[in-house]
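# Examination of the molecular architecture
Here's the letter readout for the chains.
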Amino acid sequence: MLDLAAIRENPDAIREGARRKRIAFDVDRLLALDEDRRRLIRLQEEARAEQKALGRQVKDLQGDAQQLALTRLKVLKDDVLRHTDALAPVQAEIDALLLACPNPPDPDVPDGDDDKANVEVRRHGEPPTFDFEPLDHVELLRRLDGVDIERAGRLAGSRSYVLKGEAAFLEQAVLRLAMDVIRDRGFTLLTVPVVVKEWALRGTAYFPGAEEQTYKIANPTAEDEDSWLVGTSEVSVTALHAGEILDVKDLPLRYAGWSPCFRREAGTYGKDTRGLYRVHQFNKVEQVVIDVADEQKTLDHHAAIVANAEHMLQLLELPYRVMATASGDIGRAATFKYDLEAWMPSRGAYGETHTASRFRDYQARRMDLRYRDEDGRVRHCYTLNNTVIATPRVLIALLEVHQQKDGSIRIPAALRPHLGGREVLEPKS
RNA sequence: GGAGAGGUGGCCGAGCGGUCGAAGGCGCGCGCUUGGAAAGCGCGUAUGCCCGAAAGGGCAUCGCAGGUUCAAAUCCUGUCCUCUCCGCCA
């Protein structure tokens, strides 16, 4: 969400931002509603001010004078009511528009319609060449006796999986390594709720928009808010301090959330159906930074969380590239987004494993996340986030890149301490 | 799941339906005092919105949402949350 007063002062920036993001947004409608809103507020407040002032006198008045006052007060009551009623739909539409209003992309966001316009920023490592016919991760896992997709499908439907034996330990090792790495980088690990109230999803700007991608937990008794399963712990972690006014001395907050993540993947039928690339439930360690509203600091944080993610991929000895997401692909909320993509031999391509976004105060405004600066001024925080590691998707790259001719998997050195020192996972068949 | 108690400012804690954004205390900030500190004294100390160049003025907010009333922190209803006891349980 953006500051309505700022939109009022510079509507062209919003128009241009929406245009670049290929998101239709009617700024003029919003401005017209804003005029209406302020007019009605003025009328309502004037009536209420008179009502309060006269009301205070009424008990000291006698007889006709009191009757006269009471008559006037009834009129004022109706006036207030009338203006309040008139204001409600105006405010409601403003609120809806503000939630939909796209955050203008930063100038360095590459212009383009979709992910085909994403721009490679840098590349690390070389995709491996094999002197044998490489297998894909599903086949590799089968040989390790490390996966059961058939029974998982029967149990939980498509896009489900069971990791088994050493493969399950491998997943845990990767997650544990990520937690260790991110702790070393000064982040505080949080295990957070994955069942959250709707406002947290609205606050992080997933809603409105991502409802169809999100599992809903209907509440059969209460009328107000259903709960939802988060698609990332970013939601829980970023919303943790919602509604608070933080002390600038406590900033920046560097959190790493670990959680399972749940995504319905509606509308992706037939896409990435094989293997562990696109699944309904996965595990992720996510880094979130909450800091003051300072452009340079947020750029520095962004560089740092990208570096953290790159460090992870390097520890896993995976070739990857960093992509700057095009304006039409970046989404409504972020002002800038990098995708990190690891090489996945079976795809013959890089596949997305990390997304590093910065939002300025877009999320913070939505969830009323603020801080008091050195001068005592209250301002909205700037937020950012990035993956540290997400499994099982990264296992695709890990297994396929490090496979050996006999179907065994070489374990990168950084993982070995979390796998009892093992250097290789041997196939069972 | 059953029974009960409670939700007021950064914290504790008052609050006859009107003059209550809210006593008092603590904490915090500034000043006085002091060789320095403590104590003491004085002043200040919520957020949002509207009008205004500003100074300043106004409106709202006492978990949340409704209702009664000219007027609600105060009365009524619902709801959420917290706590205590019983039961059940990973």
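Residues numbered from 1 in each chain as written. Chains lettered and ligands numbered in written order. Predicted model: local features only at pLDDT ≥ 70, side-chain atom pairs only at ≥ 80, totals over all residues. Heavy atoms only, no water.

Most of strand β7 (residues 253-262) sits inside the fold, with eight of its 10 residues counted as buried. Here strand β2 (residues 188-191) pairs with β7 via four bridges, running parallel. Looking at the pairing, Leu189 lines up with Ala256 of β7. As judged from the 10 bridges shared by β7 and strand β8 (residues 281-291), these two strands associate in the antiparallel manner. Across the sheet, Tyr255 pairs through a bridge with Val288, a residue of β8. (Buried < 20%, exposed > 50% of the residue type's maximum accessible area, 1.4 Å probe, protein only. Helix = DSSP H or I, 4+ residues; strand = E, 2+ residues; numbered from the N terminus. Pairing = 2+ DSSP bridges.)

What follows covers the packing of helix α7 (residues 165-184) against helix α10 (residues 295-315). Put simply, α7 and α10 touch, their axes get as near as 11 Å, and they point 135° apart. With respect to each other, α7 and α10 are oriented oblique. Relative to α10, the crossing made by α7 is right-handed. Across the interface between the two elements, Val174, Leu177, Ala178, Val181 and Ile182 of α7 pack against Asn308, His311, Met312 and Leu315 of α10. (Axes fitted to C-alpha atoms, helices over the stretch in contact; angles between N-to-C directions. Parallel < 35°, antiparallel > 145°, perpendicular 65-115°, else oblique. Left-handed = near helix turned anticlockwise from the far one by under 90°. Contact = heavy atoms within 4.5 Å.)

What follows concerns the protein's contact with RNA strand B. The immediate surroundings of RNA strand B are formed by 23 residues, with Arg37, Lys52, Lys59, Arg370 and Arg372 found nearest. In RNA strand B, atoms within 4 Å of the protein come from the sugar-phosphate backbone in 68% of cases. Here a base nitrogen of RNA strand B and a side-chain polar atom of Glu45 are 3.0 Å apart. The contact in question runs from a sugar or linking oxygen of RNA strand B to an N or O atom on the side chain of Arg370, over 2.9 Å. The set of elements that each furnish at least two residues to the surface near RNA strand B consists of α3 (27-58), α4 (63-100) and β12 (370-372). With 12 residues, the single largest contributor to the surface near RNA strand B is α3. (Near = heavy atom within 4 Å. Polar contact = N/O pair within 3.5 Å; in protein donor to acceptor, adjacent residues only side chain to side chain.)

Below, the discussion takes up the side chain of Asp361. Looking at where Asp361 falls in the secondary structure, it is placed in the loop between β11 (349-358) and α11 (362-367). Judged by its relative accessible area of 16%, Asp361 falls in the buried class. Ignoring sequence-local partners within four residues, the contact set of Asp361 consists of Met1, His380, Cys381 and Tyr382.

Turning our attention to the pattern of salt bridges. Inspection of the entire model under this criterion finds 40 salt bridges. Measuring nitrogen to oxygen at the nearest pair gives 3.0 Å for the salt bridge that ties Arg37 to Asp34. Placement of the pair is Arg37 and Asp34 together in helix α3, with a separation of three residues, close to one helical turn. In this structure, Asp106 and Arg360 form a salt bridge, with 2.5 Å as the shortest nitrogen-oxygen distance. Of this pair, Asp106 sits in the loop between α4 and β1 (119-124) while Arg360 sits in the loop between β11 and α11, placing them 254 residues apart in sequence. Given the relative accessible area of 3%, Asp106 is considered buried. (Salt bridge = Lys/Arg side-chain N within 4 Å of Asp/Glu carboxyl O.)

Where the parts come together, the accessible area they lose is often given as the size of the interface. Assigned domains of chain A: these are domain 1 (4-100) and domain 2 (115-425). Between domain 1 and domain 2, the C-alpha centre-to-centre distance is 43 Å. Contacts between the two partners involve seven residues from domain 1 and, on the opposite side, 11 residues from domain 2. Across the domain 1-domain 2 interface, the total number found is zero salt bridges. Across the domain 1-domain 2 interface, the total number found is six residue pairs in polar contact (both at pLDDT 80 or more). Tallied by class, residues from the side of domain 1 that touches domain 2 come to four nonpolar, no polar and three charged. (Domains from an automatic or database assignment. Nonpolar A, V, L, I, M, F, W, Y, C, P; charged D, E, K, R; others polar.)

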